[in-house]
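Topology and contacts: notes
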2 protein chains.
Amino acid sequence: MYKVKVYVTLKEGVLDPQGKAIQHSLASLSFEEVEEVRVGKYIELFVGAHESLEARVNEMCDQLLANPVIEDYQYEIEEAVEQ
Amino acid sequence: MYKVKVYVTLKEGVLDPQGKAIQHSLASLSFEEVEEVRVGKYIELFVGAHESLEARVNEMCDQLLANPVIEDYQYEIEEAVEQ
C-alpha cells in the first residue's frame, strides 16, 4: 500500500479570494505580519500497488484532483504505514 | 520574509464525505486501486520577520486556520524566495 500526498495550488497570478479573506481575518486578530495567504488542497490517497503508479497518479490529478486551467499540482509517494 | 506551509487535516476517525466522494469519482474513472482518500487544506502564508514566529504560527492555526475539534495541523517554515 502506498500513501500519495497531493498538493493542489492555484497557479501564479490566479486571484485567491479565499486567501484574501483569511488574510483579512488574520489581520483583524492582530496578525498584521502576514503579507499574503494562498489556499490550496492537500489530498492523501491510499493506493494499492500498481506497476505504473506515478503515471496513474498523474492521470488522477489531470482528470479529477486538479483543474488544469487554474491549478498546479505536486505529489510525494511513500510506503503507507499499516495501522 | 518567511514562507510558512500549513497542512490542515481531519483528525483520525473523523468522517470525510469529501474524500469518499472523490474516491467514488476516481473509481468511476477506473482508478479502483485507490482504497481511501482524505482531503485537507494546504495554506501558504508569506510572513514578515517576527521574533517569535513559531509561536505566532501556532496561534494563527489555533485561532483561525484549523478547527481544533476535528482538525490537526502541521507546518514548515522556510525563507521565502523574493520574486
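Position labels on residues start from 1 in each chain and follow its written sequence. Just so you know, chain letters begin at A and ligand numbers begin at 1, following the order they were written in. Note on the predicted model: pLDDT of at least 70 is required for a residue's local features to be given, and 80 or more for side-chain atom pairs to be given and counted; whole-chain, interface and lining totals, by contrast, use all residues. Hydrogens and water are ignored here; the side-chain numbers use all heavy atoms of the structure.

It is worth spelling out the sheet that holds strand 1 (residues 2-10) of chain B at this point. In space, the 6 strands of this open sheet follow the order 3(A)-1(A)-2(A)-2(B)-1(B)-3(B), with antiparallel pairing throughout. At either end of the open sheet lies a strand with only one pairing partner, and these are strand 3 (71-79) of chain A together with strand 3 (71-79) of chain B. When the angles between neighbouring strand axes are averaged without regard to direction, this sheet yields 20 degrees. If DSSP finds at least two bridges between two strands, the strands pair. Numbered from the N terminus, helices here are DSSP runs of H or I no shorter than four residues, and strands are runs of E no shorter than two. Where strand 1 (residues 2-10) of chain A and strand 3 of chain A come together, 9 bridges link them in antiparallel fashion. Bridge pairing in strand 3 of chain A links Val4 of chain A to Ile77 of chain A. In what follows, residue pairs with any heavy atoms lying within 4.5 Å of each other are defined as contacts. Angles here are taken between N-to-C directions and fall from 0 to 180 degrees, while the axes themselves are lines fitted to C-alpha atoms, restricted in helices to the stretch in contact. Taken strand by strand, helix 1 (residues 17-28) of chain A contacts strand 2 (34-47) of chain A together with strand 2 (34-47) of chain B, and its axis lies near 120 degrees from that of strand 2 of chain A.

Comparison of the two chain copies shows a relationship of rotation about an axis with a shift along it. Least-squares superposition aligns the copies on the C-alpha atoms of those residues with pLDDT at or above 70 in both. Laying chain B over chain A is done by rotating through 180 degrees and shifting 0.0 Å along the axis; what remains is an RMSD of 0.0 Å. A rotation of that kind, with that shift, is consistent with a two-fold axis. When the interface residues of chain B are mapped onto chain A, 100% of them again fall at the interface, so both copies present the same face.

As a further point, take the interface of chain B and chain A. The partner chain A presents 34 residues to the 34 residues of chain B that form the contact. Summed over both sides, the interface between chain B and chain A buries roughly 3,000 Å², with carbon and sulfur atoms accounting for 66% of that surface. When two parts are put together, the accessible area they lose, computed with a 1.4 Å probe and summed over both, is reported as buried area. The three residues of chain B that bury the most area against chain A are Phe31, Glu33 and Tyr42 of chain B, which together make up 20% of that side's buried surface. In this structure, Arg56 of chain B and Glu33 of chain A form a salt bridge, with 2.7 Å as the shortest nitrogen-oxygen distance. Two N or O atoms form a polar contact when they lie within 3.5 Å of each other; inside protein one atom must be a possible hydrogen donor and the other a possible acceptor, and for residues adjacent in sequence the pair counts only when both atoms belong to side chains. Inspection of the region where chain B meets chain A yields 14 residue pairs in polar contact (both at pLDDT 80 or more). When residues of the side of chain B that touches chain A are traced back to their parent elements, those giving at least two are strand 1, helix 1 (17-28), strand 2 and helix 2 (53-65) of chain B. It is strand 2 of chain B that contributes the most residues to the side of chain B that touches chain A, 14 residues altogether. Under this grouping Gly is polar, as are all residues other than the nonpolar Ala, Val, Leu, Ile, Met, Phe, Trp, Tyr, Cys and Pro and the charged Asp, Glu, Lys and Arg. A per-class count over the side of chain B that touches chain A returns 17 nonpolar, 8 polar and 9 charged. Where strand 2 of chain A meets strand 2 of chain B, 13 bridges bridge the pair, whose relative direction is antiparallel. Within this document, salt bridges are pairs made up of a side-chain nitrogen of Lys or Arg and a carboxyl oxygen of Asp or Glu, the two lying within 4 Å of each other.

Take helix 1 of chain B next. Because the α-helix completes a turn every 3.6 residues, residues three or four places apart line up on one side. Residues and elements named next belong to chain B. A helix is expected to reach a length of 1.5 Å times the quantity of its residues less one. Over its 12 residues, helix 1 extends 17 Å from the first C-alpha to the last, a length consistent with the 16 Å expected when each residue adds 1.5 Å. Relative accessibility decides the category of a residue: with a 1.4 Å probe and only protein chains considered, values under 20% of the type maximum give buried, values over 50% give exposed, and everything between is partly exposed. Listed as buried for helix 1 are Gly19, Ile22, Gln23 and Leu26. The buried residues of helix 1 all sit within an arc of 105 degrees when viewed along its axis, so they share a single face. For helix 1, exposure combined with an orientation more than 90 degrees from the buried face picks out Pro17, His24 and Ser28. Directions drawn from the helix axis to the C-beta atoms are what define this arc.

Packing of helix 2 (residues 53-65) of chain A against helix 1 of chain B brings their axes to within 11 Å, and their N-to-C directions diverge by 110 degrees. Relative to helix 1 of chain B, the element helix 2 of chain A is oriented roughly perpendicular. Every pair of crossing elements has a handedness; the one defined by helix 2 of chain A and helix 1 of chain B is right-handed. Of the residues in helix 1 of chain B, those in contact with Met60, Leu64 and Leu65 of chain A of helix 2 of chain A are Ile22, Ser25 and Leu26 of chain B. Tallied by class, the residues present in the contact of helix 2 of chain A with helix 1 of chain B amount to 5 nonpolar, 1 polar and no charged. Throughout, the term roughly parallel applies to angles under 35 degrees, roughly antiparallel to angles over 145, roughly perpendicular to angles from 65 to 115, and oblique to all others. Crossings are classed by handedness, with left-handed meaning an anticlockwise turn of the near helix from the far one by less than a right angle and right-handed meaning a clockwise turn.

Shape descriptors only; they carry no functional weight alone.
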